[in-house]
Amino acid sequence: MSAPDFAIVTVAHNSEADLARLLDSLTRLEHPPRRVVVVDSGSSDSGAELAAARGAELVDLGANRGFGAGCNAGLERVSEPVTALVNPDVELLDTGLEALVSEAAGRDALIVPRLLNRDGTPQDSAHPPPGTLDGLVPALLPRTLLPGPLRRRYEPWRSPQPRRVGWAVAACMVARTALLRGLGPFDPNAFLFYEDMELCLRAARSGIPTLLRPEVSVRHLGGTSVRPTLGDADLELRARRRREVLAVEGRRALALDDAAQWLTFATRAAARRALRRGGERERAQLAALRSARAAGTARDAS
């Protein structure tokens, strides 16, 4: 039985090499997407020309407007019943995406596969709900010391079984097109970071689950556009964006997530320092969180 008609939407920013790999990998599908939409977000390479030569539908934003705005623009071009939002640095390994498309067509859910690193190890890509008391446990205790079942509770991306998660990285996310449009799907004013957490939490408030299907895997290189541009300068932006997303969940959720983030960075920094393995990045993350909290306090007071 063939998968329903679906479209792939990908947002590229100087992603020519990754985009070529993604488009090549679509040949591994038994039933390819009816439409591939490539949104070029202010690239200076030849990715747009590559996309057009491969038969993709090109959307030229003219400038880098961010991941969320790019996905929204691509989704506007889709008429197929199911859409897969796929980063250009993702490579399909087999026909597994078709199974996600078939499931998504029949239910209201955001469905994600397992993401793999270049070496085949699983990525930390699916997470429990943020902003809960439960989130303080892995912040205080190293997850490597937790017993297997408890560790999988706090690291759902390790689960061998399909399961619901709090939120997931949207490097590859499949859903009904109408559902995505109804959810937004993304805030066009958010330039970068935590768009996926925001989407999954917004969906959850409407009773729509985020589902991990670990039997389907795709390779995800990760950060190939962001890292060369921002390096570690992204830490404060990440901290500020995460707090903006959690603030919508309420003061309690924001306070609990702040505490979990603070404890995580502090315990990791202390452990690395004790082992003489640095800890500079964790201390920089603490400083970024402190700055983001101060900015939030000042904004609330104004």
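Report follows, based on the coordinates. All chains use their own residue numbering, which begins from 1 and follows the written sequence. Selection of residues for local features in this predicted model requires a pLDDT of at least 70, selection of side-chain atom pairs for listing and counting requires 80 or more, and totals for whole chains, interfaces and linings are taken over all residues. Note that the side-chain values use all heavy atoms of the structure and ignore hydrogens as well as water.

**A closer look at the overall build of the protein**
Then, in step 1: A run of H or I in DSSP becomes a helix once it reaches four residues, and a run of E becomes a strand once it reaches two; helices and strands are each numbered from the N terminus. For the protein, the helix and strand inventory stands at 12 helices and 11 strands.
Then, in step 2: Two things to know: the radius of gyration comes from C-alpha atoms, and the globule rule equals 2.2 Å times the number of residues to the power 0.38. Computed over C-alpha atoms, the radius of gyration of the protein comes to 19 Å, within 12% of the 19 Å expected from 2.2 N^0.38 for 302 residues, which places it in the range of a compact globule.
Then, in step 3: Structurally, the protein occupies a C-alpha span of about 55 × 40 × 40 Å along its principal axes.
Then, in step 4: The rule is simple: take the accessible area with a 1.4 Å probe, protein chains only, and divide by the maximum for that residue type; under 20% is buried, over 50% is exposed, in between is partly exposed. Out of the 302 residues belonging to the protein, those deemed buried represent 50%.
Then, in step 5: Throughout, a residue-residue contact means that at least one pair of heavy atoms, one from each residue, lies within 4.5 Å. The long-range share in the protein, meaning contacts at least 24 apart out of those at least 6 apart in sequence, stands at 78%.
Then, in step 6: A residue counts as positive if it is Lys or Arg and as negative if it is Asp or Glu; His and the chain ends are not included. In this description, the location of a charge corresponds to atom NZ of lysine, CZ of arginine, CG of aspartate or CD of glutamate. Put simply, the protein has 41 plus and 37 minus side-chain charges, and the middle of one group is 8 Å from the middle of the other.

**Re the pattern of salt bridges**
Then, in step 1: One speaks of a salt bridge when a side-chain nitrogen belonging to Lys or Arg is within 4 Å of a carboxyl oxygen belonging to Asp or Glu. A full pass over the atoms with the stated rule returns 23 salt bridges.
Then, in step 2: For the salt bridge of D134 with R153, the shortest nitrogen-to-oxygen distance reads 3.0 Å. In this pair, D134 sits in the loop between β7 (126-127) and α5 (136-140) while R153 sits in helix α6 (residues 148-154), placing the two residues 19 residues apart along the sequence.
Then, in step 3: A relative accessible area of 43% means that R153 is categorised as partly exposed.
Then, in step 4: Between E249 and R205 there is a salt bridge whose closest N-O contact spans 2.3 Å. With E249 in the loop between α10 (235-247) and α11 (251-274) and R205 in helix α8 (residues 195-205), this residue pair connects regions lying 44 residues apart in the sequence.
Then, in step 5: Judged by its relative accessible area of 31%, E249 is partly exposed.
Then, in step 6: Here the residues in one salt-bridge network are R35, E57, R77 and E80, joined through shared partners.

**Topic: the layout of surface pockets**
Empty space among the atoms becomes apparent when a probe as large as a water molecule is rolled across them.
Then, in step 1: Here the second largest pocket is characterised by a volume of approximately 350 Å³.
Then, in step 2: With five residues, the single largest contributor to the lining of the second largest pocket is helix α12 (residues 280-301).
Then, in step 3: Classification used: nonpolar for Ala, Val, Leu, Ile, Met, Phe, Trp, Tyr, Cys and Pro, charged for Asp, Glu, Lys and Arg, polar for all others including Gly. Class assignment of the residues belonging to the lining of the second largest pocket gives a composition of three nonpolar, three polar and seven charged. A 1.4 Å probe that fits into a set of points on a 1 Å grid over the protein atoms alone but cannot get out defines a cavity; an open set with protein on both sides within 12 Å along at least five of seven lines defines a pocket, and lining residues are those with an atom within 4 Å of a point. Grid points are joined across faces, edges and corners, and a volume is the space filled by probe spheres set on the points.

**Considerations on the state of the cysteines**
Defined simply, a disulfide is a covalent bond joining two cysteines at their sulfur atoms.
Then, in step 1: Any cysteine sulfur atom paired with another within 2.5 Å is treated as part of a disulfide. Enumeration over the complete set of coordinates arrives at zero disulfides.
Then, in step 2: Of all cysteine sulfurs in the structure, the one in C172 sits closest to C71, which takes part in no disulfide; the separation is 12 Å.
Then, in step 3: Look at C71 and you get buried, because its relative accessible area is 2%.

**Description of helix α1 (residues 16-25)**
Then, in step 1: Of all the residues in α1, the buried ones are D18, L19, A20, L22, L23 and S25.
Then, in step 2: Where α1 is buried, its residues meet β1 (6-12), β2 (35-40), α2 (47-53), β4 (82-86) and β5 (90-92).

**Side note on the nonpolar core**
Then, in step 1: Residues L110, M173, L183 and M197 are the most contacted members of the largest nonpolar core, which totals 41 residues.
Then, in step 2: Looking at this core element by element, the count peaks at five residues for α8.
Then, in step 3: Once residues lying within four places of it in the same chain are set aside, the contact partners of M173 are T83, A84, L85, L110, I111, V112, A168, L199 and C200.
Then, in step 4: Residues V36, V90, L100 and I111 belong to the second largest nonpolar core, which totals 33 residues. Grouping buried Ala, Val, Leu, Ile, Met, Phe, Trp, Tyr and Cys residues that are joined through side-chain atoms within 4.5 Å yields what is termed a nonpolar core.

**Details of unusual backbone geometry**
Then, in step 1: Residues G184 and P185 are joined by a peptide bond in cis, for which omega reads -10°.
Then, in step 2: Along the chain, P185 falls in the loop between α7 (177-183) and α8.
Then, in step 3: The backbone phi angle of N14 is positive, close to 50°, even though this residue is not glycine.
Then, in step 4: Positive phi, close to 65°, is recorded for Y194, a residue that is not glycine.
Then, in step 5: Mapped onto the secondary structure, Y194 falls in the loop between α7 and α8.
Then, in step 6: Residue Y194 is classed as buried on the basis of its relative accessible area of 16%.

**Quick notes on the environment of D234**
Then, in step 1: Relative to the elements of secondary structure, D234 occurs in the loop between α9 (226-230) and α10.
Then, in step 2: D234 sits 54 residues away from A288 along the chain, and the two C-alpha atoms are 9.2 Å apart.
Then, in step 3: Contacts described as polar in this section are N or O atom pairs within 3.5 Å, which, within protein, must combine one atom able to donate a hydrogen with one able to accept it, while residues neighboring in sequence count only if both atoms come from side chains. For D234, the side chain forms a polar contact with the side chain of R238, separated by 2.5 Å.

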